[in-house]
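# Secondary and tertiary structure notes
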Amino acid sequence: MSTAAAFAAALPADAATNSTTSTTFSLTGGALDITAPATADLSSFPVSAGYVSGNLGDVVVTDSRGNSGASWTASVSATAVTGSGTAEGVSLPPESVSYDPGVIGATNVTAAGLRLQSLSETPQATVAGTAGTGVNFATWNPTLGVNIPAASAITGTYTVTLSHSVA
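Residues numbered from 1 in each chain as written. Predicted model: local features only at pLDDT ≥ 70, side-chain atom pairs only at ≥ 80, totals over all residues. Heavy atoms only, no water.

So, about the environment of Gly30. Mapped onto the fold, Gly30 is located in the loop between α1 (3-10) and β1 (32-35). Classification of Gly30 by relative accessible area gives partly exposed; the value is 45%. Through-space distance from the C-alpha of Gly30 to that of Thr79 is 31 Å; in sequence the pair is 49 residues apart. Beyond its immediate sequence surroundings of up to four residues, Gly30 is in contact with Ser64 and Arg65. (Helix = DSSP H or I, 4+ residues; strand = E, 2+ residues; numbered from the N terminus. Buried < 20%, exposed > 50% of the residue type's maximum accessible area, 1.4 Å probe, protein only. Contact = heavy atoms within 4.5 Å.)

So, about unusual backbone geometry. Positive phi values are uncommon outside glycine, yet Ser43 reaches one of about 110°. Counting through the fold element by element, Ser43 comes out in the loop between β1 and β2 (51-55). Here Ser43 falls in the exposed class, since its relative accessible area comes to 52%. Unlike most non-glycine residues, Ala131 shows phi in positive territory, near 55°. Along the chain, Ala131 falls in strand β10 (residues 124-133). On the basis of relative accessible area, Ala131 is assigned to the exposed category, the value being 52%.

Strand order in the open sheet formed by three strands is β6-β5-β13, and the pairing between neighbours is antiparallel. The strands lining the two open edges of the sheet, one partner per strand, are β6 (91-92) and β13 (157-159). The sheet contact formed by strand β5 (residues 81-84) and β6 spans two bridges and is antiparallel. Opposite Val81, over in β6, you have Leu92 as the bridge partner. (Pairing = 2+ DSSP bridges.)

What follows concerns the side chain of Thr126. With respect to the secondary-structure elements, Thr126 resides in strand β10. What Thr126 contacts, discounting residues up to four positions off in sequence, is Ala74, Ser75, Val76, Tyr99, Pro101, Ala112, Gly113, Leu114 and Leu116.

Time to look at the layout of surface pockets. Its boundaries defined by the atoms lining it, the largest pocket holds a volume of some 720 Å³. Listing elements by their share of the lining of the largest pocket, those giving two or more residues are β12 (143-147), β13 and β14 (162-166). A per-element tally of the lining of the largest pocket places β13 first, with three residues. A per-class count over the lining of the largest pocket returns 21 nonpolar, 10 polar and one charged. (1 Å grid on protein atoms, 1.4 Å probe; cavity = no way out; pocket = protein on both sides within 12 Å on 5 of 7 lines; lining within 4 Å. Points joined across faces, edges and corners; volume = space filled by probe spheres on them. Nonpolar A, V, L, I, M, F, W, Y, C, P; charged D, E, K, R; others polar.)

With that settled, consider the environment of Val61. Tracing the backbone through its elements, the reader meets Val61 in strand β3 (residues 59-63). In this structure, the C-alpha to C-alpha distance between Val61 and Gly132, residues 71 residues apart in sequence, is 12 Å. Sequence-distant contacts of Val61, defined by excluding residues within four places in its chain, comprise Leu32, Asp33, Ile34, Trp72, Ala74, Asn136, Phe137, Ala138, Trp140 and Val166.

So, in structure tokens, the structure goes:
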């Protein structure tokens, strides 16, 4: 008798059993966040420029709420542009600042941007995400521009503070 046949003959006919385990788990949602560079330097321009611009750096929305059909809106606001050094006391209104999100990279969400011709102290929608699924992301590197009237073109360093938010 072969070894396989001897082994088969030694097992009772009802020895085969099955065992199943039903396993469950939950996914919990995270947060909706936005990050932007803490500082940015647009560079140096001649006083005759009248308009200065440069890229701010990557702004990133991370939606880890895990929703199906998620949507969100990113907004931006600005303070007045203030001069320092030899430009101490020079101030331009936030409306002199423009914001263009440019190309938006997105994962698991449809994202579209809106170029803002002038900012204000009140947050304005600039990028919207729709039809998001699961964890979704959007990234853009906006171009910031500042219109400088000839009478305000005083040499010095200027600062504007942008606030990004998402809801």
